[in-house]
Each structure stands twice: as C-alpha cells, then as structure tokens.
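# Structural description and commentary
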Amino acid sequence: MKNNDEKEVQNPITKRDEDFSEWYHDVIKEAGLAEYSPVKGCMVILPHGYAIWEIIQKVLDDKFKATGVENAYFPLFIPEKFLTKEKDHVEGFAPEVAVVTHAGDKELEEKLVVRPTSETIMYDTFSRWIRSYRDLPLLINQWANVVRWEMRTRMFLRTTEFLWQEGHTVHSTQEEADERARMMLDIYRDFSENFMAIPVITGVKTESEKFAGALRTYTCETMMQDGKALQYATSHNLGDNFAKAFDITFLDENNETKHAWQTSWGLSTRSIGALIMSHSDDSGLVLPPKMAPIQVVIVPVIPKEWDKDMVMEEVKSVYDLLSDYGIRAKIDDRDFLSVGEKYYHWERKGVPLRIEIGPKDIANGKFVAVRRDNGDKNRIDFSGADESVKKLLSEIQDTLLKNAQDRIKENTIFVDNWDEFEKAIESNKFVMAHWDGTKETEDEIKEKTGATIRCVPFSVEEEKGKCVYSGKESGTRVLFAKAY
RNA sequence: CGGGGUGUGGUGUAACGGCUAACAUUCUGGUUUUGGGUACCAGCGACUCUGGGUUCGAAUCCCAGCACCCCGACCA
C-alpha cells in the first residue's frame, strides 16, 4: 500500500462526544441498519438491522415458550369502542392513535383504530375463550407492528410504526399474575444482560409513569453512553382492571364467578436503539457477538494473483470449520475492493471479529483476528481455530457487558440535597435520591430539571431519609434521570 | 404546538447580486493495484425546496408557503 500517509480519508461518522444525537444517526446510516421513509416518523429497517431483530425474536421466542407461552396473531384494526372500555387506557392512548374512517370512498359506520397496543382486541376475545379455572392460565404472545402517532420521532427509539412482541396472560389469582409479570421482567433482564450486553436496573414505575390501565408497571431501565436513561422493556400487572372492562370471568373450584387477573409485557425495536447507543464508538456500530448477524468476517489477503487459489482454499476451510461450530461467519471475497476498504466496511457494520488470512499467515500456521471492541490483534493457530474464535467472541461479549456495567456504576450517584441533585441531573447522571412519594413533587422536579423517576429499583434497601425536593419524610431512594 | 436552525447533483460542501453553478465523494466503463480507504483515464448526474417580489441581471436580497433537523411538551 502506498500513499496512506498523504491521503487522509475522512471518517464519515460524527464524534460521539461532540454531538451524540448526530453520531447516533451516523452510526445507523453507516452500518446500514435503517433509514427514514417518505412517511414522516416511519422507518425503513434495512436487512442488516432486520437481521438483528430476527435474532432478538428467536432468542426471546425460545425463552417465552420455555415458560409455556404460545404465539398467536390478532388483527391490526380495533373497533374504536373497544379502546374506550377501560377508562385509564383510553385516556393514555387517545392522543396518539391513528383512526381509519373510510374504506375506499365509503365512510365507515364504526371507526377503526390502528392498534397502538392490543390489550383491548385480545381481551374481548379472551372473554369468550375463558369459562373455567381450568382454562387458566392463558399465556399468549404476538409479534406485531403497532402505530402510535407521537409528536417527535427518533430512529428505533420512537417511530410512528414499530415492531414488537406483546405478551398477554390471564390468571386466576392476583399473586399468580404478579409472579408472571415479574418472571417476564426477569426474562427481559436476562436477555438484556446476557445477550445484548446491556445491564439494566429493574424496578417499579411510579403511579404517573405506569402503563395506562395497569395496576403496577415493572421496567428495565438502562443507561446510554450519554448518560440518559432508556426504558428497555416493560411488564405490567394489569390487576383486574381489564377483566372488569372486558368481562373476563371464570368459574373457580367452588363454582363461583370470579374476575381474572392479567399481565401484559413487551419489548420493541427500541431495544435495537439501546444496542446501538450502548456499545458503538466513533468508528461506527459495535455489536455484541450474540446479537451479531455476522459474528466473524474473513478477509482473504491476496498480494499476488498466483496466491489466490491457495489463500481461498485456506479461507474456505476456516469458514467451514467455524460454521460447523455454530459461528456465524462470512467471507468477503469481493475482488474490486482493497483489504483496507473491507476493514472499514465491516467495522462500521459492527462485526465483532475480523479474520485476515494471507500467504504469510498460511506459512506461519497462524492467522490474524482483530477485535472490533478494542482493536486488539490476536494470532490464532489454524488448528483448533473454532474453539479459539469462540473463546474470543465470548471475551468480547463479556468485555462489552463489563464496560457498560462500569459506565452505569461510575455515573450513578447518591444525592441528598437539591443543589447537588440539579447539578447531577444537568450532567446526565443517574441519581439515587429520596422522594416523598407525591405526584406534585415528581411533577415539579420534572418541570425544574427535566428528570423523571425512572423507577423504584428492586435493589434498593429501605432507608429513612428526607425528600431531596420537599424535605418531607421518605422511606426509600428512587432513581431519577433524564430519559429518551 | 412553542423556541432556534437549515434547504444547491445520490452524499458532503463552495460560489462578492454578474461568464456554461464549482469541488470532493459516490456511481458507470476501463487500466492499474490488493497485509488499513491504490493511482490514473473517460463518463453519468442539479430548471440551486415551491410560489411571488426587488433588479438590466437572483443560488445569493425581500415576503409567503412547504420540508427537514435540533431543543422543549407527549411517549416504548
């Protein structure tokens, strides 16, 4: 290679520290994950982005099914009157629903709402499915798109239409329902930490932040690289609110009619936004190996034409070795690109490990493997490469999780007075502070600082103290942060 | 819906009110190269967001509209 020193090629990606928002969009664009569509607020998910979603689907689906959940599909359109049956639910969603008023040029007698979530249409059906306690628990999940006409959108984090899974369960006792809500939250936590390499803080939402119609909302909150919080997934204990609104009743062992107890829980394409914002750097996307559609890219290095067959043969055999071992590998054999261009290309796409194989490597019996997360070069024996690579991938996975954990630890602070509180929120910290438990205080803090109570974490100990804002008595600390 | 900003080839930018709207990159064809963005040749590609106005003359100045971006309110 020549002229490398003379020619400076500009990195097309904005520096993360300079403008986080622009950096985020650059990463998505350069990695080929998604683009905005002609319809404002909607998003085209490109193959590379969708491949990540497919991995999410597969992993979660398996976990759900292991707990007895079955998949089903309910319609996109919901009769408007369904939505209005549960009072809090309609108040929560009315401002953001899209309504179908016409079919062709004919006006509909009854307007149809494009689902913002499927509680209502599912529960109307559930009420006919459930007769006896022997029909319970009912455990249903669906993978679907939903539409919420938000005022402001952002790639993956908030789009007008988005993809998600929504699970809906019905139980005979409140305890069992709550247990299920907690169980699903734990599945999300496990998935987030062990697959996405994103540590989360689990807890309960406050009254004003909970889901419209829920008794109690559990949440996984996580911290992005700019320090802001993102609600990653939620699980709701719906109590018997919807059961009463939709008349979901059953006969118990004593032949008495009872209202059922329900849960719903969901994870959306927003989690891909969390994935991007958690690990990526100034060179583009960084994917944890377990979430990477391509875990290893093999770049053949062919300095002389007569080396080609030999190199490609070796490349192919490494590829086969890895594939047989269950590693998602790809050979980049495009001959119109230089190796340098290929390196940059796959870096921006977030591929965790790059393997370079050329005549020198073949002569030495070792090839080069470069980690995406820290740039480390490893020399790996051709023999036993499958295990070595697997080990490297698992190290990358662990490193990404650890980095994210350290980030949360370093940026979470305990605060007991208002000045420090304001300062901490201003610098995008997670703030653990006492709160008097009132909506008024919560609202005023939000008004003054932009911070919301992300959750009352399960992990906090009971502790007497004074509310950081009002000075009133408080029994526990809660998590405050600015959020997406 | 409030506050701010920006609209020029696919992308990123340039052009004092004045010549055929410039440069880089991408893209197409070719030659050459291949261990971190090779080099060169040729080519495609823009009624400068829309509509008015000022002017001998507008990408440039003025007015209106529209679009997009950022910051808030709303939210997964």
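All of these numbers come straight from a predicted model, not from anything done at the bench.

What counts, and where the lines are drawn
Residues numbered from 1 in each chain as written. Chains lettered and ligands numbered in written order. Predicted model: local features only at pLDDT ≥ 70, side-chain atom pairs only at ≥ 80, totals over all residues. Heavy atoms only, no water. Helix = DSSP H or I, 4+ residues; strand = E, 2+ residues; numbered from the N terminus. Rg over C-alpha atoms; globule rule 2.2 N^0.38 Å. Buried < 20%, exposed > 50% of the residue type's maximum accessible area, 1.4 Å probe, protein only. Pairing = 2+ DSSP bridges. Axes fitted to C-alpha atoms, helices over the stretch in contact; angles between N-to-C directions. Parallel < 35°, antiparallel > 145°, perpendicular 65-115°, else oblique. Contact = heavy atoms within 4.5 Å. Nonpolar A, V, L, I, M, F, W, Y, C, P; charged D, E, K, R; others polar. Domains from an automatic or database assignment. Buried area = accessible area lost by both parts, 1.4 Å probe. Phe/Tyr/Trp six-rings, centres within 6.5 Å; stacked < 30°, edge-to-face > 60°. Lys NZ or Arg CZ within 6 Å of the ring centre and 35° of its normal. Lys, Arg positive; Asp, Glu negative; His and termini not counted. Salt bridge = Lys/Arg side-chain N within 4 Å of Asp/Glu carboxyl O. Arc of directions from axis to C-beta.

### A few points about the overall build of chain A
Per the secondary structure count, chain A includes 14 helices and 25 strands. A compact globule built from 484 residues should have a C-alpha radius of gyration of about 23 Å, and chain A, at 26 Å, falls within 12% of that. Principal-axis analysis of the C-alpha atoms places the extent of chain A at approximately 80 × 55 × 50 Å. Here chain A holds 484 residues, and 53% of them are scored as buried.

### Here's the deal with the sheet that holds strand E6 (residues 106–114)
The sheet built from three strands is open, its strands ordered E4-E6-E5 with antiparallel pairing. Edge strands, defined here as strands with exactly one partner in the open sheet, are strand E4 (77–79) and strand E5 (98–103). Adjacent strand axes in the sheet meet at a mean angle of 45° when their direction is disregarded. Two elements, E4 and E6, share three bridges in a ladder whose sense is antiparallel. Across the sheet, residue phenylalanine 77 finds its bridge partner in E6, namely valine 114.

### As for the packing of helix H2 (residues 47–66) against helix H8 (residues 270–279)
Close contact between H2 and H8 brings their axes to 10 Å; oriented N to C, the two are set at 110°. Taken together, the axis directions place H2 and H8 in an arrangement best described as roughly perpendicular. Between H2 and H8, the contacting residues are Gly49, Ile52, Trp53 and Ile56 on the first element and Ser271, Ile272 and Leu275 on the second. Residue composition of the contact of H2 with H8, grouped by class: five nonpolar, two polar and no charged.

### Points about the domain arrangement of chain A
Domains assigned within chain A are domain 1 (20–279), domain 2 (296–392) and domain 3 (412–481). Computed over C-alpha atoms only, the centres of domain 1 and domain 3 are separated by 28 Å. Listed per partner, the contact involves 20 residues of domain 1 and 15 residues of domain 3. Buried area between domain 1 and domain 3, both sides added, is near 1400 Å², and the carbon and sulfur share of it is 62%.

### Comments concerning the packing of aromatic side chains
Scanning the model with the defined rule gives 19 aromatic pairs in all. Aromatic side chains phenylalanine 20 and tryptophan 23 sit 5.0 Å apart centroid to centroid with 35° between the ring planes, which places their arrangement in the tilted category. Of this pair, phenylalanine 20 and tryptophan 23 both sit in helix H1 (residues 20–31), three residues apart, which is roughly one turn of the helix. One exposure class covers both phenylalanine 20 and tryptophan 23, and it is buried. The ring of tyrosine 218 carries arginine 182 above its face, with NZ or CZ at 5.5 Å from the centroid.

### Some details on the sheet that holds strand E11 (residues 229–239)
Ordered in space as E3-E7-E8-E14-E11-E10-E9-E22-E25-E21-E20, the eleven strands form an open sheet in which the pairing is mixed. Each of the sheet's edge strands pairs with one partner strand only, and the pair in question is strand E3 (70–71) and strand E20 (412–414). Here H2 sits on the sheet in contact with E3, strand E7 (138–147), strand E8 (161–171) and strand E14 (261–268), set at roughly 165° to E7. In this fold helix H12 (residues 385–410) packs onto strand E9 (201–204), strand E10 (216–223) and E20, with an angle of close to 30° to the strand it touches most, E20.

### Points about the side chain of arginine 180
Examined against the element boundaries, arginine 180 turns out to sit in helix H6 (residues 174–194). The side chain of arginine 180 sits in the buried core without any salt bridge; glutamate 176 is the nearest counter-charge, 6.9 Å away. Setting aside residues up to four positions removed in sequence, arginine 180 forms contacts with Thr67, Val69, Leu139, Thr169, His171 and Thr263.

### A few points about helix H14 (residues 439–449)
Taken together, the buried positions of H14 are occupied by Thr441, Glu442, Ile445 and Thr449. Viewed end-on, H14 has its buried residues packed into an arc of 100°, placing them on one side of the element. Of the exposed residues in H14, the ones pointing more than 90 degrees away from its buried face are Glu440 and Glu447. Once H14 finishes, glycine 450 follows within two positions and takes phi at roughly 85°, a positive value.

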